[in-house]
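# Analysis of the macromolecular model
So the chains spell out like this:
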Amino acid sequence: MREKASEDKITDLKKQHETPENCSTLSETKVNQGVWNKLDESARSTDLKFQKVQKSLVKGIIIIVTEVNKMMGNAGPQNAEDTVGSLMDGVLLLANANQELNYRRRELRRPQLNANYRHLCSPSNPVTSLLFGDDLPKAVKDISDTNRLSSKLTKDSSSTCLDKSSQPRPYWQGKRKYDGARSNSNKQPKNYQSPLHFRRKQEGKKKSD
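Reference entry: report on the structure contained in this document. Counting starts from 1 at the beginning of each chain's written sequence and moves along it residue by residue. The model is predicted, so local features are restricted to residues of pLDDT at least 70 and side-chain atom pairs to those at 80 or more, both for listing and for counting; the totals for chains, interfaces and linings are taken over all residues. Side-chain figures throughout are based on the complete set of non-hydrogen atoms in the structure, without hydrogens or water.

## Examining the overall build of the protein chain
- Only DSSP runs of H or I with at least four residues qualify as helices, and only runs of E with at least two residues qualify as strands; both kinds are numbered from the N terminus onward. Looking only at helices and strands, one finds 8 helices and 0 strands in the protein chain.
- Put simply, the protein chain runs from its N terminus to its C terminus through helices and strands in the order α-α-α-α-α-α-α-α.
- Partly exposed residues are those whose accessible area sits between 20% and 50% of the maximum for their type, while under 20% is buried and over 50% is exposed, using a 1.4 Å probe and protein chains only. In the protein chain, which comprises 209 residues, the share counted as buried stands at 20%.
- Considering only residue pairs separated by 6 or more positions, the protein chain has 65% of its internal contacts joining residues 24 or more positions apart.
- For the accessible areas, the method is Shrake-Rupley and the probe is 1.4 Å, while residue cover comes only from the protein chains on display. Surface accessibility of the protein chain: about 16,200 Å² in total, with carbon and sulfur atoms responsible for 54%. By definition, residues are in contact when any of their heavy atoms lie within 4.5 Å.

Following this line, the structure appears as structure tokens:
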């Protein structure tokens, strides 16, 4: 029962078993539209995942309720083989709800985990009687080895920037920039007079006086 059934199988079972007319409350509970409109994308996504869990749970209950109703003689004589088949469908849906609920529990723990080990919350990591599997040390070691290998295969963006800045520039690029700055600094205003010229001009005025 710990092996997850295929999504196609679960979807088909949900379609096969409709809610009885006298059991309208057996359905997933949705958020009020006014509240739903105010929720952000993250909150909506989380709620939809829980609705998915609830739908499998409710469909499993519907099957059991339907078969119990038949056994009580409210639907005529029953075929034992058909009854067992329907009940097994119900068990499968209930087991699926339990598995999905475990996945949602792990997702809620995800923010508290070290970023390097959040892959433990992936559906590929099986849920057993323990939320993160029976052999957690091995799972952690496998993730560490994978992260270490990935760091060797990928190039750090910061090192790429350092490589570019450390590359030598052609001499003419630096020289042109320097020469341009120096030539601009040597330019003088049109009415500029050197201190020596100004001093001689003042001395000439004094002599004429």
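## Notes on a nonpolar patch on the surface
- A residue counts toward a patch only above 30% relative accessible area and without a salt bridge, and it is joined to like-charged neighbours within 9 Å or, for Val, Leu, Ile, Met, Phe, Trp and Tyr, to nonpolar neighbours within 5 Å. For this document, the term salt bridge refers to a Lys or Arg side-chain nitrogen within 4 Å of an Asp or Glu carboxyl oxygen. Together, F50, L101 and L108 line one region of the surface with nonpolar side chains, adding up to about 240 Å² of accessible area.
- Checked against the element boundaries, L108 lands in helix α4 (residues 80-109).

## A few points about the side chain of N96
- Note on placement: N96 falls in helix α4.
- As used in this structure description, the phrase polar contact means that two N or O atoms lie within 3.5 Å; if the pair is within protein, one of them must be able to donate a hydrogen and the other to accept it, and residues adjacent in sequence are counted only when both atoms belong to side chains. Within the structure, the side chain of N96 is placed 2.9 Å from the side chain of S56, a separation counted as a polar contact.
- Not counting residues up to four positions away in its chain, the partners in contact with N96 are K4, I10 and S56.

## Comments concerning helix α1 (residues 7-16)
- Looking only at α1, the buried set comprises I10, L13 and K14. All buried residues of α1 project into a common sector of 100° when viewed along the axis, lining one side. What points out from α1, more than 90 degrees from its buried face, is the exposed set D8, K15 and Q16. The arc refers to the directions leading from the helix axis to the C-beta atoms.

## Points about the nonpolar core
- By convention a nonpolar core is built from buried Ala, Val, Leu, Ile, Met, Phe, Trp, Tyr and Cys residues, the set being connected through side-chain atoms within 4.5 Å. Membership of the largest hydrophobic core is limited to 6 residues, which are L120, C121, L131, F132, A139 and I143.
- Excluding its chain neighbours within four sequence positions, the residues that come into contact with L131 are N102, R105 and R106.
- Grouped together as the second largest cluster of nonpolar side chains are 5 residues, A5, I10, I63 and L93 included.

## Details of the pattern of salt bridges
- All chains considered together, the criterion is met by 9 salt bridges.
- The partner of E107 in a salt bridge is K49, and the shortest N-O contact between them spans 3.4 Å. Pair noted here: E107 is in helix α4 and K49 is in helix α3 (residues 41-74), with a separation of 58 residues, a long-range link.
- Given a relative accessible area of 31%, K49 falls into the partly exposed group.
- Ionic contacts of the salt-bridge type, sharing partners, join the residues E7, K49, K52, E100, R104 and E107 into one network.

## Observations regarding the packing of α1 against α4
- Comment: axis = line fitted to C-alpha atoms, over the contacting stretch for helices; angle = value between 0 and 180 degrees taken between N-to-C directions. At a closest axis distance of 11 Å, the pairing of α1 and α4 adopts a crossing angle of 125°. Judged by the angle between their axes, α1 and α4 are oblique. Where α1 crosses over α4, the two elements pack in a sense that is left-handed. Contacts from E7, K9, I10, L13, K14 and Q16 of α1 reach α4 at D89, L92, L93, N96 and E100. Orientation categories follow fixed angle ranges, with anything under 35 degrees roughly parallel, anything over 145 roughly antiparallel, 65 to 115 roughly perpendicular, and all other angles oblique. A crossing counts as left-handed when the near helix is turned anticlockwise from the far one by less than a right angle, and as right-handed when that turn is clockwise.

## Brief notes about the side chain of R106
- Looking at the secondary structure, you find R106 in helix α4.
- Within the buried core, R106 has no salt-bridge partner, and the shortest N-O distance to an opposite charge, that of E107, equals 8.2 Å.
- Reaching out from R106, the side chain makes a polar contact with the backbone oxygen of N125 at a distance of 2.7 Å.
- Leave out the neighbours within four places in its chain, and R106 touches L120, C121, S122, P123, N125, P126, V127, L131 and F132. His is not counted, nor are the chain ends, whereas Lys and Arg count as positive and Asp and Glu as negative.

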